[in-house]
Amino acid sequence: YISAFPLVVTMLGMSVNVFFLRICLAYSALGISIFFYRSVDVINRLMVNFAQKTQTQWDDLIVAIITRALKITVVLLCVILIGQNILGLKLTALLAGAGVIGLGISFAAKDTISNFFGCIMISIDRPFKVGERVVVDGHDGVVENICFRSTKLRTLDGHFVTVPNEKVANSSVRNIGMRPFLRNVAGFTMVYDTPYEDMV
């Protein structure tokens with residue numbers, strides 16, 4: 001911009017110069033935005049290294065949620081900053097319309113949002129972990145994976161069952177893998193005239 005300023009002012013006029021200035025500022029802001037977007041990957045790497053020191057997989061799930069939320073936040077803030085403050089676009093009506101559209105999408109994706117928050121509640125409460133045997137919603141099996149939308153079980157007869165996280169968060173969970181002992185009830189039969197010494 002500094003090198004082209006005399007040429008732009010002389011040949012194209014001041015109005016074009018202002019427009020050219022906004023384009024250069026937007027380009028610079030875009031470069032800074034890309035820097036912050038890539039910085040999220042650095043933060044993600046630090047959190048992943050910290051999560052790998054633990055034996056649970058809940059930390060990995062939380063790291064993925066935080067990373068995605070940070071990237072979306074950076075993109076939205078950069079679009080608003082560049083569009084409204086630098087280029088002078090009227091984004092107020094667009095944001096209001098996006099809010100209405102987002103409200104409609106939230107109603108349409110109610111189950112998906114419920115499953116996502118159910119995943120967060122499972123991450124906080126930690127009723128089970130991968131590899132443990134649980135009974136959820138009548139399904140008895142070993143937990144193979146915990147995703148954003150559902151929890152995947154492998155039942156004792158080999159079937160693969162997907163249980164929505166909303167149902168897992170709102171129902172009682174029997175964690176058989178965390179039981180401290182195994183209780184076995186056995187019955188013995190004997191005749192009525194069995195001597196006391198034989199029963200003892």
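Just so you know, these numbers come straight off a predicted model, no measurement behind them.

## Looking at the overall build of the protein chain
Part 1 of the argument: The secondary structure content of the protein chain amounts to seven helices and five strands.
Part 2 of the argument: Taking all 200 residues of the protein chain together, 23% fall into the buried category.
Part 3 of the argument: Put simply, of all contacts in the protein chain between residues at least 6 apart along the chain, 47% involve residues at least 24 apart.
Part 4 of the argument: As displayed, the protein chain has an accessible area near 14,500 Å², and 66% of this comes from carbon and sulfur atoms.

## Observations regarding a nonpolar patch on the surface
Part 1 of the argument: Taken together, the side chains of I43, I62, I66 and L70 define a hydrophobic patch exposed on the protein surface, amounting to about 280 Å² of accessible area.
Part 2 of the argument: Counting residues per element, the nonpolar patch draws most heavily on helix α3 (residues 58-86), at three residues.
Part 3 of the argument: Following the sequence through the fold, L70 ends up in helix α3.
Part 4 of the argument: Residue L70 is classed as partly exposed on the basis of its relative accessible area, which comes to 33%.

## A short note on the nonpolar core
Part 1 of the argument: Formed by I122, F128, V134, V136, V143, I146, L153, V161, V163 and V168, the largest nonpolar core amounts to ten residues.
Part 2 of the argument: Looking at this core, the elements with two or more residues in it are β1 (133-136), β2 (139-146) and β4 (160-164).

## Quick notes on the confidence of the model for the protein chain
Part 1 of the argument: Of the residues in the protein chain, 73% have a pLDDT of 70 or more, and the chain-wide mean is 77.
Part 2 of the argument: Per-residue pLDDT, averaged within each element of the protein chain, yields its smallest value for helix α1 (residues 5-12) (63) and its largest for β4 (88).

What counts and what doesn't
- Residues numbered from 1 in each chain as written.
- Predicted model: local features only at pLDDT ≥ 70, side-chain atom pairs only at ≥ 80, totals over all residues.
- Heavy atoms only, no water.
- Helix = DSSP H or I, 4+ residues; strand = E, 2+ residues; numbered from the N terminus.
- Buried < 20%, exposed > 50% of the residue type's maximum accessible area, 1.4 Å probe, protein only.
- Contact = heavy atoms within 4.5 Å.
- Areas by Shrake-Rupley, 256 points an atom, 1.4 Å probe, with all protein chains shown as cover.
- Patch = residues over 30% accessible without salt bridge, like charges linked within 9 Å, V, L, I, M, F, W, Y side chains within 5 Å.
- Salt bridge = Lys/Arg side-chain N within 4 Å of Asp/Glu carboxyl O.
- Core = buried A, V, L, I, M, F, W, Y, C linked by side-chain atoms within 4.5 Å.
- pLDDT = per-residue confidence, 0-100.

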